[in-house]
Amino acid sequence: MKSKEIVKQNLLAEPLSPNAVKLARGIYNTYIAQDEELFLEIKIPIFFKLLNLHPFKESIKDIQNLLEELNEPLAVRNFEFHGEVTQLKFIQFCSYKIGEETIKIELSPEYLHAQREYMLDSFLFNL
């Protein structure tokens, strides 16, 4: 079966905030540094340092809000992933759980694929 030609698309409904982009790139760089392991466990002080936040409970709420911003679903048309084509696919950046000392993040391989192959408005790879 021959794959269809991929058509690049603007997938973000609205631009991400600068801090959301900074957070996404920090998470992505950690993913790269950990041999592209999709499951990450990152200590909360690293997020504080990355985002220039003070170590307060409110700052954890700020991080959560940024993760929610990153998780706004992308609607990708004619999405092909591992040989399977879906006419319309909704994908999110990650799933996450905020603990006492760390944030556990599982990146979506579909989202990373969409960033590389489908997004005109890609923010992870345009460094």
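Quick caveat, the model's predicted, so the values are computed rather than measured.

Our focus in this paragraph is the sheet that holds strand β5 (residues 102-107). Spatial strand order, β1-β5-β4: three strands in an open sheet with antiparallel pairing. On the outer flanks of this sheet lie β1 (39-43) and β4 (94-98), each paired with one strand and no other. Here the strands of the sheet are splayed against their neighbours by 20° on average, with no regard to which way each runs. When β1 meets β5, the two strands line up antiparallel, connected through five bridges. In the strand pairing of β5, Glu41 is matched with Lys104. Each of β1, β4 and β5 is contacted by helix α2 (residues 44-51), which is oriented at about 75° to β1, the strand it contacts most.

A rise of 1.5 Å per residue sets the reference length of helix α3 (residues 57-70), with its 14 residues, at 20 Å; its end C-alpha atoms lie 20 Å apart and thus fit the reference within 8%. Residues of α3 that are buried: Ser59, Ile63, Leu66, Leu67 and Leu70. The arc enclosing the buried residues of α3, seen along the axis, measures out at 100°, which places them on a common side. Set apart from the buried face of α3 by more than 90 degrees, the exposed residues are Lys57 and Glu58. In this fold, the buried residues of α3 make contact with α1 (18-33), α2, β4, β5 and α4 (109-117).

Time to look at the packing of α1 against α3. It is at 9 Å that the axes of α1 and α3 come closest, and there the two elements cross at 85°. When the interaxial angle is binned, α1 and α3 end up roughly perpendicular. For the pair formed by α1 and α3, the contact residues are Asn19, Ala20, Leu23, Ala24 and Ile27 on the first element and Ile63, Leu66, Leu67, Glu69 and Leu70 on the second. Of the residues belonging to the contact of α1 with α3, the class tally is eight nonpolar, one polar and one charged.

Let us look at the packing of aromatic side chains. Scanning the model with the defined rule gives four aromatic pairs in all. Seen in terms of ring centroids, Tyr28 and Tyr31 are 5.6 Å apart; in terms of plane orientation they differ by 40°. Their pairing is tilted. Taken together, the residues Tyr28 and Tyr31, both in helix α1 and three residues apart, mark about one turn of the helix. This pair shows no difference in class: Tyr28 is buried, exactly as Tyr31 is.

Structurally, Glu69 can be placed in helix α3. The class for Glu69 is partly exposed, based on a relative accessible area of 24%. Separated by 57 residues in sequence, Glu69 and Leu12 have C-alpha atoms that sit 11 Å apart. When residues no more than four places from it in sequence are discounted, the contact partners of Glu69 are Pro15, Leu16, Ser17 and Ala20.

Cut-offs applied
- Residues numbered from 1 in each chain as written.
- Predicted model: local features only at pLDDT ≥ 70, side-chain atom pairs only at ≥ 80, totals over all residues.
- Heavy atoms only, no water.
- Pairing = 2+ DSSP bridges.
- Helix = DSSP H or I, 4+ residues; strand = E, 2+ residues; numbered from the N terminus.
- Axes fitted to C-alpha atoms, helices over the stretch in contact; angles between N-to-C directions.
- Contact = heavy atoms within 4.5 Å.
- Expected span 1.5 Å × (residues − 1).
- Buried < 20%, exposed > 50% of the residue type's maximum accessible area, 1.4 Å probe, protein only.
- Arc of directions from axis to C-beta.
- Parallel < 35°, antiparallel > 145°, perpendicular 65-115°, else oblique.
- Nonpolar A, V, L, I, M, F, W, Y, C, P; charged D, E, K, R; others polar.
- Phe/Tyr/Trp six-rings, centres within 6.5 Å; stacked < 30°, edge-to-face > 60°.

Geometric descriptors of this kind do not, in isolation, establish any biological role.
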